[in-house]
Amino acid sequence: MQEAIILVGGKGTRLRPLTNHTPKPLLNVAGSSFIRHQIAKLMDAGVEHVVFATSYLASLFEEEFKDFSQNLRISYAVEEVPLGTGGAIRHAGRLLRGTSADAPVLILNGDILSGVDLRAVLERHEARDADVTLHLTRVPDPRAFGLVPTDEAGRVLSFLEKPKTPEECVTDQINAGCYVFRRSVLDAIPADREVSVEQETFPQLVAAGRRVFGHTTEDYWRDLGTPLAFVHGSADLVTGEATSPLVAAPAEALIHPTATVDPTARVTGGSTVGPRAVIGPHVVVDRSIIGASVSVAEGAQIHESVVDHDSSIGSESFLREVVVGCHSHVGAQNELPAQLRLSCGIRIPAQGVRVSGTAVACPTVH
């Protein structure tokens, strides 16, 4: 039996307010919760049993999959206290059903959208008789990441902290958040305490001479941890730049059958429009996510933004790189600044906010 663990215990603080009431992996991306895209990819790779390593709002994962009828067994390992990445893997490993000490176990971070071929990673792991295989990706600017240099054979040489100077950028390879563990190595991670695989497990394995290899690819890769990355990842799935078994074919937009879009509106750039949403006349929605039961009034423009469920955007309002929490209202003729995040239930009156021109109203925001 091929088995996998998905790390989904984080609080998703960088995505608030979207994650105030919903774990990050359960947020809708290209028409489905993100974790369903990951599940579909794992099933395509032959995985028959997956363990969710959960913590934050853990019961919502069981609710999401209570009617899941496909040929996949799902188990839930709930952390009562934070255990870190390594501790979470060890804790979830207790629910794996295989007994072979050499069996490979796939591990995925719950917030990484990746085009890597999981079957290829597994095959490379077994061909090298590896203890651990890490998927590595190359990034143009690695300074925001820990670095993972490898030798010509792909063997990992070290794990380096985020570089502070150009001279410290000895490689552009970074940890892409996908691993294969030999089962016996996974079971050797200390139990019932916080452990970081990045700072403790992997460096110790390399120092001990264990067979730790990198599998470096040029495949699509994006960390969905910030609002803009989240929006772009969803749009890339819709347009086909990134792929998922749940997205049938590339499209300019993904509009739910129960949504209403005025013929004069333009929904472009891989945007998604959720159930029962209403998009009014002359509205522009570009590379954005419009949640369920959202209404967007005439002439509004929404670019690279998220409007969460049961919210409304007034006529001629302008949003770019904005997050509007659920049950919020943005009145007519507002111009919201980039990077703004409106908490759930916020109400902004008509003409309440402008960031261009000379007139700026100072209303009371409820």
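Anyway, here's the lowdown on the structure attached to this text. (Residues numbered from 1 in each chain as written. Predicted model: local features only at pLDDT ≥ 70, side-chain atom pairs only at ≥ 80, totals over all residues. Heavy atoms only, no water.)

**Some details on empty space enclosed by the protein**
All told, the structure shown has two cavities of 30 Å³ or more when counted by the stated rule. The volume enclosed by the largest cavity comes to roughly 170 Å³. Together, 19 residues line the largest cavity, and Gln-38, Lys-41, Ile-112, Leu-113 and Ser-114 are the ones closest to its centre. Of all the secondary structure elements, the ones that give two or more residues to the lining of the largest cavity are helix 1 (34–44), strand 6 (104–109), strand 7 (112–114) and strand 9 (173–182). In terms of residue class, the lining of the largest cavity is built from 10 nonpolar, eight polar and one charged. In this structure, the second largest cavity encloses a volume near 40 Å³. Considering the residues around the second largest cavity, the lining is formed by Lys-24, Pro-25, Val-29, Phe-34, Gly-110, Asp-111, Leu-224 and Phe-230. Of the residues that constitute the lining of the second largest cavity, the class distribution is five nonpolar, one polar and two charged. (1 Å grid on protein atoms, 1.4 Å probe; cavity = no way out; pocket = protein on both sides within 12 Å on 5 of 7 lines; lining within 4 Å. Points joined across faces, edges and corners; volume = space filled by probe spheres on them. Helix = DSSP H or I, 4+ residues; strand = E, 2+ residues; numbered from the N terminus. Nonpolar A, V, L, I, M, F, W, Y, C, P; charged D, E, K, R; others polar.)

**Thoughts on the nonpolar core**
Residues Ile-5, Ile-89, Ile-107, Leu-134, Phe-181 and Phe-202 are the most contacted members of the largest nonpolar core, which totals 28 residues. Contributing elements (two or more residues each) for this core: strand 1 (3–7), strand 4 (49–54), helix 3 (84–93), strand 6, strand 8 (132–138), strand 9, helix 5 (183–187) and helix 6 (197–207). Ranked by residues supplied to this core, first place goes to helix 6 with four residues. In this structure, Leu-134 is in contact with Val-156, Phe-159, Asn-175, Cys-178, Tyr-179, Phe-202, Val-212, Phe-213, Gly-214 and His-215, ignoring residues within four places of it in sequence. (Core = buried A, V, L, I, M, F, W, Y, C linked by side-chain atoms within 4.5 Å. Buried < 20%, exposed > 50% of the residue type's maximum accessible area, 1.4 Å probe, protein only. Contact = heavy atoms within 4.5 Å.)

**Thoughts on the layout of surface pockets**
The volume enclosed by the largest pocket comes to roughly 1,300 Å³. In terms of lining residues, the largest pocket is bounded by 44 residues, among which Thr-85, Asn-109, Asp-111, Tyr-179 and Glu-198 are the most central. For the lining of the largest pocket, the elements supplying multiple residues, two or more each, are helix 3, strand 9, helix 6 and strand 11 (221–223). When residues in the lining of the largest pocket are grouped by element, the largest group, five residues, is from strand 9. Approximately 540 Å³ is the volume attributed to the second largest pocket. Forming the walls of the second largest pocket are 29 residues, and the residues nearest its centre are Asn-28, Ile-289, Gly-291, Ala-292 and Asp-308. Counting only elements with at least two residues in the lining of the second largest pocket, the list comes to strand 2 (28–29), strand 12 (253–255), strand 15 (271–273), strand 18 (289–290) and strand 21 (306–307). Here the lining of the second largest pocket is built from residues that sort into 18 nonpolar, 10 polar and one charged.

Any functional reading would require information that these geometric values do not contain.
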